[in-house]
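A structural walkthrough
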Amino acid sequence: MTRQLLTDNVYLTYVPSEKFKTSFLSAQMVMPLASRTAGLNALLVNVLSRGTARCPDMDALGRELDMLYGARLDPAVRRKGENQIFGFVASCIDDKYLSGSEKLLEPLTELMGEMLCSPALQDGRLNPAYVESEQANLIDLIRSDVNDKRAYAARRLREEMFAGEPFGVNRLGAAGDVEAITPEQLDRHYRAILPQVRLELFYCGSASAERAAAAYRRALAGLPRSGGLDAAVTSRRAAPAQPRLVTEELDVTQGKLCIGYRTDSPDEHASIVANAMFGGSSNSKLFLNVRERLSLCYYAGSSYDREKGALMVSSGIEFANYDRAMAEIAAQLAAIQRGDWEDWEFTGAKSYLLNNFRSMEDFASSLESYLLFQAVSGSKETLGELMEAVEAVTPERVMEAARAIRPDTIYFLKGKETQE
């Protein structure tokens, strides 16, 4: 794997591989996540994906991709820490499986470059019909999580816990902000950020590094460059002395209890293992004790963001079990903090993590996500180094890291008829 600077603020991560039948490519813009631009950026990539000057509509794009043996080229909007990552991901049959001198790398990167630098225009601006259509689609997508109460509760916890911080901003923006975007505003935004934004390129396949770099250089020859926009450094804050409780009522039959914790532990690898033991694996304490043994939750698990130092618990409970569930979740974290576990819980958590990390090597898209997120965060830790670091974590380090985990915000979604 190599990473090189192609031109001003444009980087290419190259992963040589002979094991995949498809090549995987991406071109991603990186900007600090902010409420005023999140919706603009999410809408922009969807509009750019609707057509180019050469292929001005979806039918023309479809024919072009069919000519490339059914290659895929799709918009993507992601987040890493307090950064928004938005652009295009693509895949095609790897050139080594083609007969004769046929090549797909160059035409696919060319099409990706056209989407970015030479989009379909009307009267010199982004096509208003495409803007309005994608605007409606994006608003529907943002609002749709209320139909998935588990996702809705997780989003609401994030918004409440990180209010005033970029980490609390929805990667797709707010529906109201997207609704207010005009085609003229989106066009101005596109032309303002394109010369400045940081661009992360990726290629995984059998082509040489020199060929991949040359293909991207040609595809992005028309990319204006003036620099100035780079990734944000994700900040950490301490948890308050007393956690804040946020209660919301909706027409639901199952309560959603989400708890957000913060940690100031510098030992990220021990924190990763602590989270896996707590609620981040199928053999975690939350799953085996709170869900299975005590039957207090329909589901219970946790996730950990190592950059932000944030651990989030998500669970589904009966409304009447709120107090017991809260107490048992706290008890399971306390058990990890004092080392109250069996050996198999510790070794099983590490095995679970290592197997997950190894499985990333079996999917080019997973490698792309990991390496992209590493590039955005400024980390040079390879996947192999991550596995070695997790393998080296000791029980003592897990306890120390767990003791730094403190509750910040409790979010409880209950039914409208629930009595206090």
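Scroll up for the structure.
By convention here, each chain's residues receive numbers from 1 onward along its written sequence. Reporting in this predicted model follows two pLDDT cut-offs: at least 70 for local features of residues, and 80 or more for side-chain atom pairs to be given and counted; totals over whole chains, interfaces and linings ignore these cut-offs and use all residues. Side-chain measures here rest on the full set of heavy atoms in the structure, leaving out hydrogens and waters.

1. So, the pattern of salt bridges
Heads up, the rule is: Just to be clear on terms, a salt bridge is a Lys or Arg side-chain nitrogen sitting within 4 Å of an Asp or Glu carboxyl oxygen. For helices the rule is a DSSP run of H or I covering at least 4 residues; for strands it is a run of E covering at least 2, with both sets numbered from the N terminus onward. Relative accessibility decides the category of a residue: with a 1.4 Å probe and only protein chains considered, values under 20% of the type maximum give buried, values over 50% give exposed, and everything between is partly exposed.
Scanning the entire structure with this criterion turns up 35 salt bridges. Where aspartate 264 meets arginine 406, a salt bridge forms, and the shortest distance between an N and an O atom there is 3.8 Å. In this pair, aspartate 264 is assigned in the loop between β10 (255-263) and α9 (268-278) and arginine 406 in strand β13 (residues 405-415), connecting sequence segments 142 residues apart. Taking relative accessible area as the criterion, arginine 406 reaches 41% and is therefore assigned partly exposed. Ionic contacts of the salt-bridge type, sharing partners, join the residues Asp145, Arg155, Arg156, Glu159, Glu160, Arg244 and Glu248 into one network.

2. Digging into the nonpolar core
For the record, the criterion: As used here, the term nonpolar core means buried Ala, Val, Leu, Ile, Met, Phe, Trp, Tyr and Cys residues forming a set that is joined through side-chain atoms within 4.5 Å. Contacts are assigned to residue pairs with any non-hydrogen atoms lying within 4.5 Å of each other.
In this structure, Leu25, Leu186 and Leu201 are the most contacted members of the largest nonpolar core, which totals 62 residues. At 7 residues, the largest contribution of residues to this core is made by helix α1 (residues 35-48). Those residues in contact with leucine 201 that lie beyond four places of it in its chain are Leu6, Val10, Tyr11, Leu12, Thr13, Ser26, Ala27, Tyr216 and Leu220. Formed by 54 residues, the second largest nonpolar core is a distinct cluster that contains Phe202, Ala276, Met277 and Ile329.

3. Some words on the sheet that holds strand β11 (residues 299-305)
This is how it is decided: The rule for pairing is simple: two strands pair if DSSP sees at least two bridges between them. The angle between two axes is taken between their N-to-C directions and runs from 0 to 180 degrees, where each axis is a line fitted to C-alpha atoms and a helix contributes only its stretch in contact.
Reading across the sheet, the 5 strands line up as β9-β13-β10-β12-β11 and stay open at both edges, with mixed pairing between neighbours. Sheet topology places β9 (244-250) and β11 at the edges, where each strand pairs with a single neighbour. Put simply, the sheet's adjacent strands are angled 15 degrees from each other on average, direction ignored. Here 7 bridges tie β9 to β13, and the two strands are oriented parallel to one another. Looking at β13, one finds that glutamate 249 is bridged to lysine 414.

4. Quick notes on unusual backbone geometry
With a phi angle near 55 degrees, aspartate 123 is a residue other than glycine that sits in the positive phi range. Despite not being glycine, serine 295 has its phi angle at roughly 55 degrees, a positive value. Examined against the element boundaries, serine 295 turns out to sit in the loop between α10 (285-293) and β11.

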